[in-house]
Amino acid sequence: MPRPTGSSTFTRRTASSDLLFLSQRAGRSAASVLGFVFQFHLLIMFTRHIHLVRSGTTSVRGMATSTTGHSYKAATVVGAAITAAACAAYLAPAASMDAAPDAVPEASPDSELPKSYDTTGLHVDTKGRPGLYLWGTNTHDVVDPSLADSDPAVALVTGNANGATAPTPLVKYPRRLRVLDDVKFRDVVIGANSIAAIDADGNVLQWGIGHSDSKGDAPKKSIVDADAVKVGLANDKLLVLTRSGALHVLPLSARDQAAHIAAAPTGGRRWYWPFGTTGAGIAAFPALAIPGESIADMAVAPDHVVAIGSRTGQVYSAAFSAQGAASGALGRGLSDAESQAVSAGSPPVDERAASLPAWAQPVTPIPIKNMPVATIELRQVQGLAAPVARVAAGRGHSLALLTDGRAFSWGSNSHGQLGLGDWSRSNQVVSTPTEIRLPNRRGPVTQIAACGDATLLATTTTTNTATTTAAAAANTNSTVTTHEVWAMGNGLPGTLGNGLFTHVQPSPVRVRNVSGMVEYSEAARAVVGGAPRSMVLAPTHAACILGMAPATVYTWGSGAEYATGNGRRGYVAVPTPATPLPWRFGFRAASKGVAGPENGDGVAQMVVDGDVQLVVGPGVSGLYWRAN
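Within every chain, residues take consecutive numbers counted from 1 along the sequence as written. Owing to the predicted nature of the model, reporting of local features is limited to residues with pLDDT of at least 70; listing and counting of side-chain atom pairs is limited to 80 or more, with chain, interface and lining totals taken over all residues. Side-chain calculation: all heavy atoms of the structure are included, whereas hydrogens and water are not.

**Section: the overall build of the protein chain**
So, step 1. Helix and strand definitions follow DSSP, with helices as H or I runs of at least four residues and strands as E runs of at least two, each counted in order from the N terminus. Within the protein chain, the secondary structure is distributed over eight helices and 36 strands.
So, step 2. Buried residues are those whose accessible area, probed at 1.4 Å on protein chains only, stays under 20% of the maximum for their type, while exposed residues exceed 50% and partly exposed ones sit between those limits. Residues classed as buried in the protein chain amount to 49% of the 628 residues present.
So, step 3. Long-range pairs, those at least 24 residues apart, make up 57% of the contacts in the protein chain with a sequence separation of at least 6. For this analysis, residues touch if any pair of their heavy atoms sits within 4.5 Å.

Right, here's the structure in full:
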């Protein structure tokens, strides 16, 4: 069987072939050492003989009968024999290793592959192997809890946007979290200081602040047997949506979860004989409910949540804090508990400002005042006629994508993130859903994303290039589909993707390099539009996968923490392909840090295949293999 293409030095081996390889290497090393020792002894004897001849102490004939002569001849014979054995040992393993792929059955894709290493001592991964890649800031061990600051993949940077002076560990390039090799995920969410994920069995894993108590702590299963399908991170809460449509609210940290379980009359931890407890049961935590129906989908922001009812397709919202209630992101009137929270968190009225005109009134933010879980209530958002297919949530605004392809927004419009086309003091907060109007749009909205003070939309437009109806009927390739990505809101970090750094953008603008792209389809035998998928948005950067598999990963926005995945700190105002995944050779460490990932396939950008999903968060990006 030939070696795998792309490399003449890497082969797939089983445990038995690896054992044979190690034993042969040991034999080669031992033979080499012995051969060197005897040859060194031979050199000493020969040097001593030359010295004796030159000094006149003895002759060549006399030396043959002396003790030194006997040692000289013995060393010569034994040294020659050991040298021959060493040469044979070197030649034999090479031949056997070349024959190893034919002699040893190839491991199945699901079996554990041996840990191979490159010259830098880093693991070599198999292309397409499920798992989780992360890159960006590792301040709270979210990228890799076991990664030391001295690792060549880490860049220590002093000072950041928050004014911190302690060195911040930043991971320049995608790094595979080895403890989660071969794991597929239903969902992964990156928060400000931690990560929550759902594995293929529906268990919830968490790591980062509140869960990684010491360096090297692996991700822990905090919730087991939940059959969870989606997870969300708020300021101090973890929200888990189960397959049955129940939306549970949990404390974020492991300590607070344990305290709640200890006080809970039912639920608690699950027992696995004889190993004791592993994680908590979801029934121990309270759930948000919609009267008469379950929950089909949800979107979580730091201070509020929006959810879709499974029966009616209507949107419901709830606030976690006074700020979430006051931002307008709920899209409805406030409950008594929400009104009390806003009143308690509102600053005192300045009598001098009361006499100023409306446009001159100062804007004073309401401080975050978390509401007790018992007072959090889902209530219906008014003004959405058609059933809703998807929802999204930013810091203070919300989005809804209707089944008819229209997109609505409501909440804070501080940077034009609602996409209303104009921006003034009178529409800083829009508390009722309003349709987003896109310029010259002839097709439906297919995707939505919201985070921070920005919004992304994806649209699909189908046009017919035939000049007559008869030509259109005769030519099946006359229909052209165009996919476009639109951005609005705060573009100061470059998240608008239009090449500009704009502080306020109230009208949707076309994102360059990922809009209107085309590619040739072998299946359709025609040029088709390059469709964006897995479009995601973080507070200061964005990413999407563009085109058919194998597809390219594009990122744009702030790379101050290397979250854009191009190995450079800076701001990128247009989507740019990220660097390749280190699936074959890992990283090549240069004299000053990491030179970059090398795959040996000649592809200089991040290309993914299969059901790979992107995930982004504050200063961190990643991708994972999605479970069915």
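**Re the packing of aromatic side chains**
So, step 1. Pairs were defined over the aromatic rings of Phe, Tyr and Trp, the Trp ring being its six-membered one, requiring ring centres within 6.5 Å. Orientation was assigned from the angle between planes: stacked under 30 degrees, edge-to-face over 60, tilted for the rest. The full count for this structure, using the stated rule, is two aromatic pairs.
So, step 2. A ring pair is formed by Y133 and W625, whose centres lie 6.3 Å apart and whose planes are at 45°; its orientation type is tilted. Of the two residues, Y133 sits in strand β1 (residues 132–137) while W625 sits in strand β36 (residues 620–625), which places them 492 residues apart along the sequence.
So, step 3. Residue classification places Y133 among the buried positions, given a relative accessible area of 2%.
So, step 4. Centroid distance F185 to Y624: 6.1 Å. Interplanar angle 85°. Geometry classified as edge-to-face.

**Remarks on unusual backbone geometry**
So, step 1. The residue D227 is not glycine, and still its phi comes out positive at about 50°.
So, step 2. Its location among the elements puts D227 in the loop between β7 (220–224) and β8 (228–233).
So, step 3. Backbone geometry places S534, a non-glycine residue, at a positive phi of 55°.
So, step 4. Summarising the element assignment, S534 is placed in strand β28 (residues 532–537).

**Some details on the sheet that holds strand β14 (residues 295–300)**
So, step 1. For two strands to count as paired, DSSP must find a minimum of two bridges between them. The four strands lie next to each other as β14-β15-β16-β17, forming an open sheet whose pairing is antiparallel. Because the sheet does not close on itself, it has two edges, and the strands there are β14 and β17 (379–380).
So, step 2. Pairing of β14 with strand β15 (residues 304–309) involves five bridges; the strand directions are antiparallel. What sits directly across from A299, in β15, is V306.

**Observations regarding the sheet that holds strand β23 (residues 454–464)**
So, step 1. What the four strands build is an open sheet, ordered β22-β23-β24-β25; its pairing is antiparallel. Of all the strands in the sheet, just β22 (445–451) and β25 (509–510) have a single pairing partner and so form its edges.
So, step 2. The pairing of β23 with strand β24 (residues 479–489) spans eleven bridges and is classified as antiparallel. What sits directly across from A454, in β24, is G489.

**Quick look at the confidence of the model for the protein chain**
Detailed reading of the predicted coordinates is not advisable wherever pLDDT is low.
So, step 1. pLDDT runs from 0 to 100 and stands for how confident the predictor is about each residue. The predicted model of the protein chain averages 77 in pLDDT, with 66% of residues at 70 or higher.
So, step 2. Contacts of residues 49–69 to residues separated by more than four positions or lying in other chains number 14 contacts, the stretch itself having pLDDT below 50.
So, step 3. In this model residues 589–594 is a low-confidence stretch, pLDDT under 50, and it forms ten contacts with partners more than four residues away in sequence or in other chains.

**A look at the pairing of strand β10 (residues 247–251)**
So, step 1. Extensive coverage of β10 is indicated by the burial of five of its five residues.
So, step 2. Residues L247, V249 and P251 line one face of β10 and the alternating positions H248 and L250 line the opposite face, and both faces are buried.
So, step 3. Where strand β9 (residues 237–242) meets β10, five bridges bridge the pair, whose relative direction is antiparallel. Residue L238 lies in a different strand from β10, and its bridge partner there is L250.
So, step 4. Taking the residues that link successive antiparallel strands as the turn, the β9-β10 hairpin has four residues, and the phi of G245 there is positive, at about 95°.

**Notes on the environment of V616**
So, step 1. Tracing the backbone through its elements, the reader meets V616 in strand β35 (residues 612–617).
So, step 2. Judged by relative accessible area, which is 12%, V616 ranks as buried.
So, step 3. Along the primary structure V616 and L134 are separated by 482 residues, whereas in three dimensions their C-alpha atoms are 9.2 Å apart.
So, step 4. Residues within four places of V616 in sequence aside, it is in contact with I190, V536, L537, A538, H541, A543 and S621.

**Here we look at the pattern of salt bridges**
So, step 1. Each salt bridge in this description consists of a side-chain nitrogen of Lys or Arg and a carboxyl oxygen of Asp or Glu lying within 4 Å of one another. Tallied over the entire structure, the rule returns 16 salt bridges.
So, step 2. Ionic pairing is found between R176 and D181, a salt bridge with its closest N-O pair at 2.6 Å. D181 matches R176 in its accessibility class, with the two residues each being buried.
So, step 3. Between R186 and D227 there is a salt bridge, with the nearest N and O atoms lying 2.8 Å from each other. Of the two residues, R186 sits in strand β4 (residues 185–190) while D227 sits in the loop between β7 and β8, which places them 41 residues apart along the sequence.
So, step 4. A single salt-bridge network, built from bridges that share partners, covers D404, R406, E435 and R437.

**Things to note about the nonpolar core**
One broad trend across soluble globular proteins is that nonpolar side chains are buried collectively.
So, step 1. For our purposes a nonpolar core is just a set of buried Ala, Val, Leu, Ile, Met, Phe, Trp, Tyr and Cys residues, chained together by side-chain atoms within 4.5 Å. In this structure, L132, L134, L180, F185, V188, I195 and W207 are the most contacted members of the largest nonpolar core, which totals 19 residues.
So, step 2. For this core, the secondary structure elements donating two or more residues are β1, β4, β5 (194–199), β6 (204–208) and β36.
So, step 3. Broken down by element, the residue count for this core peaks at three residues, all from β4.
So, step 4. Sequence-distant contacts of V188, defined by excluding residues within four places in its chain, comprise I195, A196, A197, V615 and Y624.

**Observations concerning a nonpolar patch on the surface**
So, step 1. On the surface, L492, F501 and Y571 cluster together into a nonpolar patch covering about 330 Å² of accessible area.
So, step 2. Classification of L492 by relative accessible area gives partly exposed; the value is 47%. A patch consists of residues whose relative accessible area exceeds 30% and which take part in no salt bridge; residues with like charges are grouped when within 9 Å of each other, and nonpolar side chains (Val, Leu, Ile, Met, Phe, Trp, Tyr) when within 5 Å. Computed by Shrake-Rupley with a 1.4 Å probe, the accessible areas treat only the displayed protein chains as cover when residues are assessed.

**Considerations on the side chain of E293**
So, step 1. Relative to the helices and strands, E293 is located in the loop between β13 (287–288) and β14.
So, step 2. Of the side chains with opposite charge, R311 lies nearest to the buried E293, which makes no salt bridge, at 4.6 Å.
So, step 3. There is a polar contact of 3.3 Å between the side chain of E293 and the backbone nitrogen of S310.
So, step 4. Within the structure, E293 has its side chain in polar contact with the side chain of Y316 (distance 3.3 Å).
So, step 5. Each residue touching E293, except ones within four places of it in the same chain, is listed here: G309, S310, R311, T312 and Y316. Asp and Glu are treated as the negative residues and Lys and Arg as the positive ones, with His and the ends of the chain left uncounted. For this analysis, a polar contact is any N or O atom pair within 3.5 Å, provided that within protein one partner can donate a hydrogen and the other can accept it, and provided that sequence-adjacent residues contribute only side-chain to side-chain pairs.

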